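Observations on the model geometry
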Amino acid sequence: MVTLNKIYTRTGDKGTTRLATGEEVSKTGPRVSAYGTVDELNAVIGVARLHSGQNDRIDAMLGRIQNELFDLGADLATPLEPAPKWEALRIIASQVERLEQEIDWMNESLKPLDSFILPGGSPLSTYLHVARTVCRRAERDTVAMIEAGEQINTEAMKYLNRLSDHLFVAARRANSNGADDIKWVPGATR
């Protein structure tokens, strides 16, 4: 368990931070950007939950996902090589599978899409769309980290990819099971 007795340490005053392994890196490094965007995603989901109201099941899923995002941040903050001297917290396949099962459950009651939809409708749906876009950025940041030569747990990448789909379907479900989705009308304002 993490113990935080002192919030400011001054160690970041020169633009660096430490990974879970203690390695000092730039705050602008690709690994820090990736887990920083995951942290931002967690905050956006917290705002979405302020609007979950009668959607108890969605709220419960989002609460669990917020906890898993801390797991994901720890995973991304801990390089695979050299292997840490402790058992690192890693995203596992069952977490990805649970997202898939929840997507399938939420999607069961939704009408098939016949157009792209615009973020909007209910406040919960709108914030879930914001979370979805931040999740996609976290995914891009993670790909950039990989392209910069960093190795990661492949389940972490799968989790982000599946989570953005989960947030999209949850946003539709929050819009009266898709009935209040706002459809894109190509060229409507020409």
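You'll find the structure just up there.
The notes below deal with the structure included here. All values derive from a computational prediction rather than experimental measurement.

1. Structural notes on the overall build of the chain
Each helix and strand counted, the chain has 5 helices and 4 strands in total. N-terminal to C-terminal, the α/β element order of the chain is β-β-α-α-α-β-α-α-β. The principal-axis extents of the C-alpha atoms in the chain amount to approximately 50 × 40 × 30 Å. The burial tally for the chain puts 42% of its 190 residues in the buried class. Excluding contacts between residues fewer than 6 apart, the proportion of contacts in the chain whose partners are at least 24 apart in sequence is 74%. Entry remark: accessible area of the chain is about 11000 Å², with carbon and sulfur atoms responsible for 53%. If you average the places of the 23 positive and of the 26 negative side-chain charges in the chain, the two averages end up 4 Å apart.

2. What to know about the packing of helix α2 (residues 56–76) against helix α5 (residues 154–174)
Orientation of α2 relative to α5, taken along the N-to-C sense of each, is 160°, at an axis distance of 12 Å. Considered as vectors, α2 and α5 are oriented roughly antiparallel to each other. For α2 against α5, the interelement crossing comes out left-handed. On α5, the residues touching Ile-58, Met-61, Leu-62, Ile-65, Glu-68, Leu-69, Leu-72, Asp-75 and Leu-76 of α2 are Ala-156, Tyr-159, Leu-160, Leu-163, His-166, Leu-167, Ala-170, Arg-173 and Ala-174. Of the residues assigned to the contact of α2 with α5, the class counts are 14 nonpolar, 1 polar and 3 charged.

3. Points about α5
Here α5 is 21 residues long and its end C-alpha atoms lie 30 Å apart, about the 30 Å a rise of 1.5 Å per residue gives. Among the 21 residues in α5, 16 count as buried, and that is most of the element. Capping the start of α5, Asn-153 holds a side-chain oxygen 3.1 Å from the backbone nitrogen of Glu-155, two or three residues further along.

4. Let's talk about the side chain of Asp-75
Tracing the backbone through its elements, the reader meets Asp-75 in helix α2. The exposure class of Asp-75 is buried, given its relative accessible area of 2%.

5. Side note on the packing of aromatic side chains
Summed over all chains, the structure comprises 1 aromatic pair. A ring pair is formed by Phe-116 and Trp-184, whose centres lie 5.7 Å apart and whose planes are at 55°; its orientation type is tilted. Placement of the pair is Phe-116 in the loop between α3 (93–108) and β3 (117–118) and Trp-184 in the segment after β4 (182–183), with a sequence separation of 68 residues. Of the residues examined, Phe-116 reaches a relative accessible area of 61% and is grouped as exposed. The exposure class assigned to Trp-184 is partly exposed, which follows from its relative accessible area of 40%. In this structure, Arg-57 packs its charged tip against the face of Trp-105, placed 3.7 Å from the ring centre. Between the NZ or CZ atom of Arg-173 and the centre of the ring of Trp-105, over which it lies, the distance is 4.2 Å.

6. A word on the side chain of Ser-52
For Ser-52, the location among the structural elements is in the loop between α1 (30–49) and α2. At 3.0 Å, the side chain of Ser-52 forms a polar contact with the backbone oxygen of Arg-49. Polar contacts involving the side chain of Ser-52 include one to the side chain of Asp-59, which spans 2.9 Å. Excluding anything up to four places from it in sequence, Ser-52 contacts Asp-59 and Leu-124.

7. Things to note about a nonpolar patch on the surface
Residues Val-47, Leu-50, Tyr-127 and Val-130 make up a contiguous nonpolar surface patch of roughly 340 Å² in combined accessible area. With respect to the helices and strands, Leu-50 occurs in the loop between α1 and α2. The class of Leu-50 is exposed, set by a relative accessible area of 69%.

8. Concerning the packing of helix α4 (residues 123–147) against α5
Two numbers describe how α4 lies on α5: the axes approach to 8 Å, and their chain directions differ by 165°. One element, α4, and the other, α5, form an angle in the roughly antiparallel class. Between α4 and α5 the crossing geometry is left-handed. Residue composition of the contact of α4 with α5, by class: 15 nonpolar, 5 polar and 4 charged.

About the thresholds
Residues numbered from 1 in each chain as written. Predicted model: local features only at pLDDT ≥ 70, side-chain atom pairs only at ≥ 80, totals over all residues. Heavy atoms only, no water. Helix = DSSP H or I, 4+ residues; strand = E, 2+ residues; numbered from the N terminus. Buried < 20%, exposed > 50% of the residue type's maximum accessible area, 1.4 Å probe, protein only. Contact = heavy atoms within 4.5 Å. Areas by Shrake-Rupley, 256 points an atom, 1.4 Å probe, with all protein chains shown as cover. Lys, Arg positive; Asp, Glu negative; His and termini not counted. Charge placed at Lys NZ, Arg CZ, Asp CG, Glu CD. Axes fitted to C-alpha atoms, helices over the stretch in contact; angles between N-to-C directions. Parallel < 35°, antiparallel > 145°, perpendicular 65-115°, else oblique. Left-handed = near helix turned anticlockwise from the far one by under 90°. Nonpolar A, V, L, I, M, F, W, Y, C, P; charged D, E, K, R; others polar. Expected span 1.5 Å × (residues − 1). Polar contact = N/O pair within 3.5 Å; in protein donor to acceptor, adjacent residues only side chain to side chain. Phe/Tyr/Trp six-rings, centres within 6.5 Å; stacked < 30°, edge-to-face > 60°. Lys NZ or Arg CZ within 6 Å of the ring centre and 35° of its normal. Patch = residues over 30% accessible without salt bridge, like charges linked within 9 Å, V, L, I, M, F, W, Y side chains within 5 Å. Salt bridge = Lys/Arg side-chain N within 4 Å of Asp/Glu carboxyl O.

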